[in-house]
Amino acid sequence: MPPPADPGAPGEEGKEVELRPGTPEETEAYELGLKQHSFNEWASSKISVHRSLLDLRHELCIEKKYYRPLPQTSVIIIFYNEAWSTLLRTVHSVLERTPSELLREVILVDDCSDFDHLQAPLDEYVSHLPEVRVIRSPTRQGLIRARLLGVKHARGEVLAFLDSHCECMEGWLEPLLERIALNHTTVPWPVIDMIRWDNFAYLFHGVKGTLMVGGVDLVDLKFDWHIVRQIELNKRKSIIDPIKSPTMPGGVFAIDKKYFEHLGAYDDGMEIWGGENIEISFRIWQCGGTIELVPCAHVGHVFRVTSPYHASVDKWTRNNKRMAEVWMDDYKSVVYRRHPEYLKIDAGDLTSRKILRKALHCRDFSWYLQNVYSNVYVPDLRPVAHGQIQNKENHRCLDATSDPKEPPRLVDCHGHGGSQYWELTRAGEVRLGVEGKLCLQTAVIKKVPSTDIITKTCAHRFANDQPSKQERWVLQNSTVLYHPMTDRCLEETESGLVVAPCEDVNRQRWLLQNLDLS
Ligand code: UDP
Ligand code: MN
């Protein structure tokens, strides 16, 4: 049992810490904490490791009775140089807000941290908590293999993974376990509430607000959040029913242990941080499982602005390449086209992961895109052209300015992509750059069509969208960009880019890179 809460203590009920460092010693401690953890560890250290949270769950969640028996769970918390306060608050929130009959054990996996407080003092502390064990990795493994090490020691039927700076809310686990008990191939994750990195306020995300499921940018392979569309929400019988999610953020989820192992656990060739959540998401869906966001389950997580692993971007890229090579089929070419740096990376041996995909009879990535992640823009596998667009008269290149409100212009070609990278899609759009979210088009000023050229968010954002008339171009004679809506052609003039009556002149001729007219 937690000690009785002092409602006046800092941060109780999930409130923000109002204290500010006053003395020079406090300021020093504050700055050191920020440097080491990228969050306000000083404020966190003022909060009880047993702090209370207001139970703000929907009344239907509070009242809900669970299908019994629910499976027993091993909670796996991996950490690398975590702060004492955040780590132990994670542990106590599990111990104090999980029914004991559902908690088999809490496994702490130390990924070879160097902080002193995580050595003997942690062992001493944990020796008073019978449900908790510490497992130490003799070398730094990164989060993927650290979790695998935890799994090796787990004895519960279900695994629940948590980051080392979380706070579980009342009733966080039962709704997840119910989904697994009903179908062992369901992989549920909770609403991840934000614990602010600067003042440790717990910001509860209610079911009546916008629910966010996981997505991924198919060009950058970064996880992103998607607001669940109303039509999806309306399909549910109840406001607290689970929602299918194309991916998950990865820090917090539960999975049947046997199913996790059957599915191939994690790719143990991945290093340090990142990409593993997208890999397991694609794998779950493509190999017959389901990922669900469970609105009644809530876990807070300290979101930081900067990652302490910024030195590991190359590891993240390599992890992504391993993922793309095994799961994305031809769609990996979209990533490589926009990020040529991927081609230079040695992703290592992928034989066993490819065998796994075969053995599990997993579906193609195109199936995933059509059936699971259909509300996303999928770049062309083979655009008509991609790269720079150079004017034949002055040999300068079409360049988007960094300010999207400014019209694009012609500048000297630099050959480094970025603001000079365009794709002419099969649908006739000229899409800008790595994100591919802006389209070259004629402006509409106060509802009146203009001949000026701008870049603006493309009309085609989701699977079945069509480009707008302003955005459509037809490539003629491999060099002219004809604009059917205005019956004009893209031209460079003294006052900038416009569409002008088509003429047989070099000002209207363009050299497009990587033309593929097949
Ligand atoms: N972690 C680890 N070894 C590493 C990197 C990270 O054990 O080499 C742990 C880290 O302590 C945390 C989890 O992996 O519990 C996820 O990392 P982090 O919270 O930094 O990622 P974020 O939530 O910022 O994406
Ligand atoms: Mn985290």
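Residues numbered from 1 in each chain as written. Chains lettered and ligands numbered in written order. Predicted model: local features only at pLDDT ≥ 70, side-chain atom pairs only at ≥ 80, totals over all residues. Heavy atoms only, no water.

If you look the protein up in an unreviewed UniProt entry, it shows as Polypeptide N-acetylgalactosaminyltransferase from Branchiostoma belcheri. Heading Sequence similarities (unreviewed entry) of the UniProt record for the protein holds this comment: "Belongs to the glycosyltransferase 2 family. GalNAc-T subfamily." According to the UniProt record, the Subcellular location (unreviewed entry) comment for the protein is "Golgi apparatus membrane". (UniProt positions renumbered as here; feature names shortened; annotations may be inferred.)

**Considerations on the state of the cysteines**
Taken as a whole and assessed by the stated rule, the structure comprises five disulfides. The disulfide partner of C61 is C296, and the gap between their sulfur atoms is 2.0 Å. Between C61 and C296, the S-S dihedral sits near -80°, and the bridge is therefore left-handed. Residue C61 is found in helix α3 (residues 59–63), and its partner C296 is found in strand β12 (residues 290–303); the two are separated by 235 residues along the sequence. With respect to burial, C61 and C296 carry one shared label: buried. Sequence-ordered numbering of the bonded cysteines in the protein gives a pairing of 1-3, 2-4, 5-6, 7-8, 9-10. With no disulfide of its own, C168 lies closest to C166 among cysteine sulfurs, the gap being 6.5 Å. Owing to a relative accessible area of 0%, C168 belongs among the buried residues under this scheme. (Disulfide = S-S within 2.5 Å. Helix = DSSP H or I, 4+ residues; strand = E, 2+ residues; numbered from the N terminus. Buried < 20%, exposed > 50% of the residue type's maximum accessible area, 1.4 Å probe, protein only.)

**So, the coordination of the manganese ion (ligand 2)**
Protein coordination at the manganese ion (ligand 2) comes from D163 (OD), H165 (NE2) and H301 (NE2), with a distance range of 2.0 to 2.2 Å. Between consecutive donor residues of the manganese ion (ligand 2), the sequence gaps follow D-x1-H-x135-H. Taken as a pair, D163 in the loop between β4 (158–162) and β5 (166–168) and H301 in strand β12 lie far apart in primary sequence, 138 residues in all. (Donors = N, O, S within 2.8 Å, 3.2 Å for Na, K, Ca; no water.)

**Some words on helix α14 (residues 351–359)**
Every buried residue of α14 is accounted for by R353, L356 and R357. The buried residues of α14 occupy one face: seen down the axis, they fall within an arc of 100°. Exposed positions of α14 whose direction lies more than 90 degrees from the buried face are S352, I355, K358 and A359. Those residues of α14 hidden inside the fold are in contact with α9 (257–262), α10 (276–286), α11 (313–327) and α15 (365–371). Directly beyond the C-terminal end of α14, a positive phi value near 50° is found at H361. (Arc of directions from axis to C-beta. Contact = heavy atoms within 4.5 Å.)

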